[in-house]
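Residue-level listing of the chains:
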Amino acid sequence: MVGTLSGALEARQIPTSPDKVSAKVQGTIEAPEGVLKITKIDCHYKLKVPEGKRDAAERALGVFDRGCPVAQTLKGCIQLNHTWEIEEI
């Protein structure tokens, strides 16, 4: 998902390297029917964007998962939550 997000940011002329995009991802495992399974994945992104690019970055964050193969594969099977912090540099 970070790769797809990075592509969406780069398309908006927001550089993603070195070290300008990172993610902390945590899954929740439950056993709703007696069998362990991942039920939720929380993704928290940290972005460092140039001054004046916050709005463009937020738009990318709001739509990137529509074109992400991983997100689309998991859609409907696992709850995906995306949050973010944006620092303008």
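Shown above is the structure to which this text applies.
If you're wondering where the values come from, they're calculated on a predicted model, not measured in any experiment.

Rules and cut-offs
- Residues numbered from 1 in each chain as written.
- Predicted model: local features only at pLDDT ≥ 70, side-chain atom pairs only at ≥ 80, totals over all residues.
- Heavy atoms only, no water.
- Helix = DSSP H or I, 4+ residues; strand = E, 2+ residues; numbered from the N terminus.
- Polar contact = N/O pair within 3.5 Å; in protein donor to acceptor, adjacent residues only side chain to side chain.
- Contact = heavy atoms within 4.5 Å.
- Salt bridge = Lys/Arg side-chain N within 4 Å of Asp/Glu carboxyl O.
- Buried < 20%, exposed > 50% of the residue type's maximum accessible area, 1.4 Å probe, protein only.

Here's the deal with unusual backbone geometry
At step 1: Here S17 and P18 are connected by a cis peptide whose omega angle stands at -10°.
At step 2: Along the polypeptide, P18 turns up in the loop between α1 (2-11) and β1 (21-30).
At step 3: One non-glycine residue, Q13, lies in positive phi territory at about 55°.

Considering the side chain of H82
At step 1: Residue placement: H82 occurs in strand β3 (residues 79-88).
At step 2: Polar side-chain contacts of H82 include one of 3.1 Å to the side chain of Y45.
At step 3: In contact with H82, other than residues within four places in its own chain, are M1, C43, Y45, F64 and D65.

Examining the pattern of salt bridges
Pairs may arise between side chains of opposite charge once their charged atoms sit close together.
At step 1: For the structure shown, the criterion picks out two salt bridges.
At step 2: Close ionic contact of D42 with K40 constitutes a salt bridge, the shortest N to O distance being 4.0 Å.
At step 3: D42 sits in the partly exposed class, given a relative accessible area of 28%.
At step 4: Of the charged contacts in the structure, one is a salt bridge between R54 and E88, with a shortest N-O distance of 3.7 Å. Within this pair, whereas R54 is found in helix α2 (residues 54-63), its partner E88 is found in strand β3, the two being separated by 34 residues in sequence.
At step 5: Given the relative accessible area of 29%, R54 is considered partly exposed.

Treat this as a map of the structure, not an account of what it does.
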